Amino acid sequence: MLKVGVLISGRGSNLLSLIEACATSGFPAQIACVISNKADAAGLGHARAAQIPAHVISHRDYPDRAAFESALDSKLDEHGVQLVCLAGFMRILTSWFVDRWRDRLVNIHPSLLPAFPGLHTHEAVLAYGAKLTGCTVHFVRAEMDHGPIILQAAVPVLDGDTPDTLAARVLQAEHLAYPAALRFIAEGRVNVYEEKTFVTGAAAGDKALFNPS
Ligand code: GRF
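Predicted, not measured: the structure shown is a model, and the values here were computed from it.

J.: Residues and numbers for the nonpolar core, please.
T.: One finds V6, I31, I150 and L182 to be the most contacted residues of the largest nonpolar core, which totals 42 residues. A per-element tally of this core places helix α6 (residues 163–186) first, with nine residues. Inspection of this core shows a minimum of three residues originating in each of domain 1 (1–101) and domain 2 (107–201). The residues touching I150, leaving out its near neighbours within four places in the chain, are V106, V137, H138, F139, A181, I185, V190, T197 and V199. One finds C33, A71, L86 and F97 within the second-largest nonpolar core, a separate group that totals 19 residues.

J.: An account of the packing of aromatic side chains is requested, with residue identities and associated values reported.
T.: A complete count under the given rule lists four aromatic pairs for this structure. By way of ring pairs, the aromatic residues W96, F97 and W101 are connected into one cluster.

J.: Before we move on, could you go through the domain arrangement of the protein and cite the residues and values that matter?
T.: The accessible area lost on association of the parts is a frequent measure of interface size. Domain assignment breaks the protein into domain 1 (1–101) and domain 2 (107–201). Measuring from the centre of the C-alpha atoms in domain 1 to the corresponding centre in domain 2 gives 19 Å. Carbon and sulfur atoms supply 75% of the area buried between domain 1 and domain 2, which totals about 1600 Å² over both sides. For the pair domain 1 and domain 2, the number of links is zero salt bridges. In this structure, the connection of domain 1 to domain 2 is made through three residue pairs in polar contact (both at pLDDT 80 or more).

J.: Account for the sheet that holds strand β6 (residues 132–139), naming residues and giving values.
T.: Judged by pairing direction, the sheet is mixed, and its seven strands sit side by side in the order β3-β2-β1-β4-β5-β6-β7 without closing on themselves. The open sheet has two edge strands with one neighbour each: β3 (54–56) and β7 (149–156). Averaged over all pairs of adjacent strands, the angle between their axes in this sheet comes to 20°, without regard to strand direction. Of the strand pairs in this sheet, strand β1 (residues 2–8) and strand β2 (residues 29–36) are connected by seven bridges, and their pairing is parallel. Opposite L7, over in β2, you have I35 as the bridge partner.

J.: I'd love a proper account of the layout of surface pockets, names of residues and values included.
T.: Considering only enclosed or pocket space, the largest pocket measures out at about 1000 Å³ in volume. What lines the largest pocket is a set of 35 residues, among which G88, M90, I108, P110 and L119 lie closest to the centre. Taken together, the elements giving at least two residues each to the lining of the largest pocket come down to α1 (13–22), β5 (105–109), α5 (121–128) and α6. Of the residues contributing to the lining of the largest pocket, the split by class is 15 nonpolar, 13 polar and seven charged. Split by domain, the residues of the lining of the largest pocket number at least three in each of domain 1 (1–101) and domain 2 (107–201). Every residue along the wall of the second largest pocket is listed here: L151, Q152, F184, A202, A203, A204, G205, K207, A208 and L209. Its residues assigned to classes, the lining of the second largest pocket comprises seven nonpolar, two polar and one charged.

Cut-offs used in this document
- Residues numbered from 1 in each chain as written.
- Predicted model: local features only at pLDDT ≥ 70, side-chain atom pairs only at ≥ 80, totals over all residues.
- Heavy atoms only, no water.
- Core = buried A, V, L, I, M, F, W, Y, C linked by side-chain atoms within 4.5 Å.
- Buried < 20%, exposed > 50% of the residue type's maximum accessible area, 1.4 Å probe, protein only.
- Helix = DSSP H or I, 4+ residues; strand = E, 2+ residues; numbered from the N terminus.
- Domains from an automatic or database assignment.
- Contact = heavy atoms within 4.5 Å.
- Phe/Tyr/Trp six-rings, centres within 6.5 Å; stacked < 30°, edge-to-face > 60°.
- Buried area = accessible area lost by both parts, 1.4 Å probe.
- Salt bridge = Lys/Arg side-chain N within 4 Å of Asp/Glu carboxyl O.
- Polar contact = N/O pair within 3.5 Å; in protein donor to acceptor, adjacent residues only side chain to side chain.
- Pairing = 2+ DSSP bridges.
- Axes fitted to C-alpha atoms, helices over the stretch in contact; angles between N-to-C directions.
- 1 Å grid on protein atoms, 1.4 Å probe; cavity = no way out; pocket = protein on both sides within 12 Å on 5 of 7 lines; lining within 4 Å.
- Points joined across faces, edges and corners; volume = space filled by probe spheres on them.
- Nonpolar A, V, L, I, M, F, W, Y, C, P; charged D, E, K, R; others polar.

Take a look at the structure:
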């Protein structure tokens, strides 16, 4: 069983998808702890309801990023965490933390990276007029929203979409993508070579996805 630590800052719907996946029989990972940098993060409730140790480590209680990240790191170690999943964690991590957890630290971003990194993703997709968007699960590197891509899922952008309707469609894909990526990692099937990942034995559809079709 791969021991996973999940870092959150808010709603925690991706956390919930990981909790539910880990609760299915034969799933090769377990969530050892959840850490939020915000005391009022709704996601903490999902962790507590599932009897997963849930901690608040507020960045405001530390003089600088180094001290904050060292507290995160100690808590993850205390729980024997082997893989860290960022799930709506809204703090930029320094290269110290990112290097320490290299290829053991993953993030989910609500676009098809490298398109539309950063915040306000769905607004940017709509402003640009992209016809497909989606989500990306990737290993974290020091540069924000960069790093070897593990898995992506695509959804169409529809006429009349608002940032909210598009976010909801992408979020449905996220809730499938993150558990799928976690399973691949926990099964030891994800290898990073020259900053690309290779997922052994994974099937990919070979059909083009059109929008409009
Ligand atoms: C998700 O859209 C995720 O892709 C992004 O932050 C959002 C977190 O949502 N990194 P939730 O807290 O998991 O509901």
